[in-house]
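Here is what each chain is made of, one letter per residue.
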Amino acid sequence: AIQANLQALDLFTKIGDRHGEASVWANLAACFQQTSQLEKGFDACERALKISRDLGDLEGEANSLNTLAALYEENLDYDKAQEALEMAAEINGKIEDRSGQATNFHNLGVIASILNDAELAVTYLTLALEIRRQINDYHGTAKTILEIAKRIPDSDDSKTKQELLKEVRTLCQKYDLNIIM
């Protein structure tokens, strides 16, 4: 995949297609992230982000910020991952990409939990859940409910936790979803 993207990048550069270049740099960033080549991933992502910003391509910018957040998360730099996700969520709100924004809020909830901010985690996950229910994203809804349930200690309100887990199981059965609980 990396070699094919490099060939595509060469072609887009030759013909002056800046949108194509940004897209390929974003693809390369994701490829490098998946193969744990983080420095190359950061470089490719920064290039995609710069081109998207130069072009005023908000969707491309949000996508690059999501990839940047994933790179930061893999690099255990959760504060920077959170910052990138917050920017992506804001952009996705502006361009009315509700699914993207819900994913951003979900991921922000997970990051907040990693940073031991349980209240912020639940706030973000609740925002994600609200959007996912509005747009009938059943898989995302089930995943977010499961994340919320994970935040409830067994000793606290186990009835609420059990009700949430039951809702996840119901969604999985009704919509044939494959979610590991």
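In case you missed it, the structure is sitting above this.
Residues numbered from 1 in each chain as written. Predicted model: local features only at pLDDT ≥ 70, side-chain atom pairs only at ≥ 80, totals over all residues. Heavy atoms only, no water.

Across its full length, the protein holds nine helices and zero strands. Each helix and strand of the protein, placed in order from N terminus to C terminus, yields the pattern α-α-α-α-α-α-α-α-α. Principal-axis analysis of the C-alpha atoms places the extent of the protein at approximately 60 × 30 × 30 Å. The burial tally for the protein puts 42% of its 181 residues in the buried class. Counted over contacts in the protein with a minimum sequence separation of 6, partners at least 24 positions apart contribute 47%. Looking at the protein, you have 19 positive and 30 negative side-chain charges, and the mean spots of the two groups are 4 Å apart. (Helix = DSSP H or I, 4+ residues; strand = E, 2+ residues; numbered from the N terminus. Buried < 20%, exposed > 50% of the residue type's maximum accessible area, 1.4 Å probe, protein only. Contact = heavy atoms within 4.5 Å. Lys, Arg positive; Asp, Glu negative; His and termini not counted. Charge placed at Lys NZ, Arg CZ, Asp CG, Glu CD.)

To continue, consider helix α8 (residues 138–150). Look at α8: 18 Å from first C-alpha to last across 13 residues, which is about the 18 Å you get at 1.5 Å a residue. Taken residue by residue, α8 has Gly140, Thr141, Ala142, Thr144, Ile145, Leu146, Glu147, Ile148 and Ala149 as its buried positions. In the core, the buried residues of α8 are packed alongside α6 (98–114), α7 (118–134) and α9 (158–174). (Expected span 1.5 Å × (residues − 1).)

On to the packing of α8 against α9, then. Contact pair α8 / α9: the axes reach a minimum separation of 9 Å and the direction vectors enclose 160 degrees. The orientation of α8 relative to α9 falls into the category roughly antiparallel. When you trace α8 past α9, the crossing you get is left-handed. Of α9, the residues touching α8 (which contributes Tyr138, Thr141, Ala142, Ile145, Leu146, Ile148 and Ala149) are Lys161, Leu164, Leu165, Glu167, Val168 and Leu171. (Axes fitted to C-alpha atoms, helices over the stretch in contact; angles between N-to-C directions. Parallel < 35°, antiparallel > 145°, perpendicular 65-115°, else oblique. Left-handed = near helix turned anticlockwise from the far one by under 90°.)

Ranked by internal contacts, the top residues of the largest apolar core, which has 35 residues, are Trp25, Leu28, Phe42, Ala44, Leu65, Leu68 and Phe105. Of all the elements in the fold, those that place two or more residues in this core are α2 (18–34), α3 (38–55), α4 (58–74), α5 (78–94), α6 and α7. With residues up to four places along the chain from it excluded, the contact list for leucine 68 reads Phe42, Cys45, Glu46 and Leu49. Counting residues in hydrophobic clusters, the runner-up holds 15 residues, among them Leu129, Leu165, Cys172 and Ile179. (Core = buried A, V, L, I, M, F, W, Y, C linked by side-chain atoms within 4.5 Å.)

If you check α2, its first and last C-alpha atoms are 24 Å apart, about what 17 residues at 1.5 Å a residue would give, namely 24 Å. Residues of α2 that are buried include every one of Gly20, Glu21, Ala22, Val24, Trp25, Ala26, Leu28, Ala29, Cys31, Phe32 and Gln33, and no others. Against the buried residues of α2 lie α1 (2–15), α3 and α4. Between the side-chain oxygen at the start of α2 and the backbone nitrogen of histidine 19 there is a gap of 3.2 Å, and the oxygen is on aspartate 17. (Polar contact = N/O pair within 3.5 Å; in protein donor to acceptor, adjacent residues only side chain to side chain.)

The residue glutamine 33 is located in helix α2 in this model. According to the relative accessible area criterion, glutamine 33 is buried, its value standing at 18%. When neighbours within four sequence positions are excluded, glutamine 33 is seen to be in contact with Ala70, Leu71 and Glu74.

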